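Residue-level structure breakdown
One-letter residues, chain by chain:
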Amino acid sequence: MTLLDNILFIGKGITLTMELMFGGMLMGLILGTVLAIGKYKGWLVILINQTISIIRGTPMILQLSFFYFAIPNALNIKLSILSAGIITLGLNSSAYIAEILRAGIESLPKGQFEAAQTLQIPTWLMWKDIILPQVIRNVFPALTNEMITLLKDTALISTLGGMDLMRRAQSVAAEQFTYFAPICIAASYYYVLILLIEYVVQKIEQRGEYAQTS
Amino acid sequence: MLKLVNVGKKFAKTAILKNINFNVTKGGIVGLAGASGSGKSTLLRCIQKLERIDEGTIEYTGTSSFMFQDFQLFPHMTVFENLVYAPKKIFKNTNVEKEAFHLLEQLGLKNKAHTLPSKISGGQKQRVALARCLMMKPNILLCDEPTSGLDVATIEDVVQLLRTVHAMEVTMVIASHDLDFLTRIATRIIVLKNGIKAADIDVSELSDPINNLKVHYQESL
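Residues numbered from 1 in each chain as written. Chains lettered and ligands numbered in written order. Predicted model: local features only at pLDDT ≥ 70, side-chain atom pairs only at ≥ 80, totals over all residues.

With that settled, the discussion passes to the packing of helix H4 (residues 122–135) of chain B against helix H5 (residues 152–167) of chain B. Residues and elements named next belong to chain B. It is at 10 Å that the axes of H4 and H5 come closest, and there the two elements cross at 15°. With respect to each other, H4 and H5 are oriented roughly parallel. The two elements H4 and H5 meet at a crossing, and its hand is right-handed. Counting all contacts with H4, which are made through Gly123, Gln126, Arg127, Leu130 and Leu134, the residues of H5 involved are Thr154, Asp157, Val158, Leu161 and Val165. The residue makeup of the contact of H4 with H5, split by class, is five nonpolar, three polar and two charged. (Axes fitted to C-alpha atoms, helices over the stretch in contact; angles between N-to-C directions. Helix = DSSP H or I, 4+ residues; strand = E, 2+ residues; numbered from the N terminus. Parallel < 35°, antiparallel > 145°, perpendicular 65-115°, else oblique. Left-handed = near helix turned anticlockwise from the far one by under 90°. Contact = placed C-beta atoms within 7 Å. Nonpolar A, V, L, I, M, F, W, Y, C, P; charged D, E, K, R; others polar.)

Now the structure itself:
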């Protein structure tokens, strides 16, 4: 196989890597938002804090094994590598996203909640249209970091045999008894993807810029 | 219209308001004066139900709207969106946008309709905040320090604006440490001292409102 063949073969892993990243990010955002808002409902706080603590307190590779081997084994079901990957990445990032959003919510003036209350805005509309749009703008850089971390974490799927960028690079290396070129090719793919994310985020930030004070 | 009976409020074990009683008739304008920490803002917040009272009752007919000292406009929405967002969701009538433009025109802000709050001056924000309250068609308007941080000319604008609102038969309770401003707009001034009603003055009975009130105020503190 020529260098070009290797580049193309490893490049095919982008599909799985991106599926895992976008799937994980989407699940992380939805679940993270629910966890962050749930923290403002008195009786849920202990449960949510404990869930976040467990997720943050265990290695992701262990969580991956838990969802790919342990849960299917206990429930006698079968999960694909992609599903187990998305669930693990989504759940894991939801704990971090919840904390990022919580910090963003707490940084907003209390008056924003009170203004919504005095204007009789229903609670869910207050979160959807008043609070979260401001919070997301404020924590956008932190969410970008989380997305980049998530992209790099997708490489863990290679330990289950998922044919992502990392696994394909390892596969080429094992077949050709040379590590340098395949690993460098995979690294280049990851780096270009991260540069792309940074570029898109920068454009979004420029469009959504506004002064914080009202 | 608005009736406060034996209102008391504590933060932890400290009493912030003690045994406050007064009534305001429809269309009345009551000024709440007093030093910093006397309980003016807390009393307003209690009337708006932003704080729970520990004793007594607060009753009023209709709805109330609250104008915050620091405006609390929604920074990600334009001036126009700030005005129409809540009434559109609540009243669900199609005239909301028309009313908002009319109000902005009245307040001299029509050309700022599609501007973000961060791009307008303090006086303009004040007017937007007032317009946002009026869009909710309140029976009672509660204003917390409406002249705080404004220059003399802008304070004059606020006086005129509040007089326009008064003409709409909206009852008002205004908390301010600015006695000159209060005597120009309020028909009655209640002075608070350490959470207690220290004086209740009918402005129309004063021969020289500003100076008489200052004497009353000094005596009550």
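Moving on: the sheet that holds strand S4 (residues 55–60) of chain B. All names here are of chain B. Taken together, three strands build an open sheet; the order of strands is S2-S1-S4 and the sheet is antiparallel. Where the open sheet ends on each side, the last strands, each with one partner, are strand S2 (14–24) and S4. Here the average twist between neighbouring strands, direction ignored, is 25°. Sheet topology note: the strand S1 (residues 2–11)/S2 ladder contains seven bridges and is antiparallel. (Pairing = 2+ DSSP bridges.)

Further remarks concern the interface of chain B and chain A. Taken together, the contact between chain B and chain A spans 19 residues of the former and 20 residues of the latter. If you list the elements that add at least two residues to the side of chain B that touches chain A, you get strand S5 (64–67) and helix H2 (79–90) of chain B. Top contributing element to the side of chain B that touches chain A by residue count: H2 of chain B, with three residues. The class makeup of the residues in the side of chain B that touches chain A is 12 nonpolar, five polar and two charged.

All names here are of chain B. With 16 residues, H5 ought to run about 22 Å at 1.5 Å a step, and its terminal C-alpha atoms sit 23 Å apart, in line with that. Restricting attention to buried positions, one finds in H5 the residues Val158, Leu161, Leu162 and Val165. End-on view of H5: buried residues confined to an arc of 95°, all on one side of the axis. Those residues of H5 that are exposed and aimed more than 90 degrees away from the buried face are Val152, Ala153, Gln160, Arg163 and Ala167. Buried residues belonging to H5 abut H4, strand S6 (140–144), strand S7 (171–175) and helix H6 (179–185). (Expected span 1.5 Å × (residues − 1). Buried ≥ 20, exposed ≤ 12 C-beta atoms within 10 Å, placed from the backbone. Arc of directions from axis to C-beta.)

Membership of the largest hydrophobic core comes to 108 residues, with the highest contact counts inside it found for Leu32, Met67, Leu141, Leu142, Met172, Val173 and Ile174 of chain B. The greatest single-element share of this core, amounting to 12 residues, is contributed by helix H5 (residues 81–107) of chain A. Two domains each put at least three residues into this core: domain 1 (2–63 + 138–220) and domain 2 (75–137) of chain B. If we ignore the near neighbours within four places in the chain, the residues touching Val173 of chain B are Val24, Val30, Leu32, Leu44, Ile47, Ile140 and Leu142 of chain B. (Core = buried A, V, L, I, M, F, W, Y, C linked by C-beta atoms within 7 Å. Domains from an automatic or database assignment.)

Take the domain arrangement of chain B next. Residue and element names in this part refer to chain B. Domains assigned within chain B are domain 1 (2–63 + 138–220) and domain 2 (75–137). Domain 1 and domain 2 are separated by 25 Å when their C-alpha centres are compared. For the side of domain 1 that touches domain 2, the element with the most residues is H5, which contributes five residues. Its residues assigned to classes, the side of domain 1 that touches domain 2 shows seven nonpolar, three polar and one charged.

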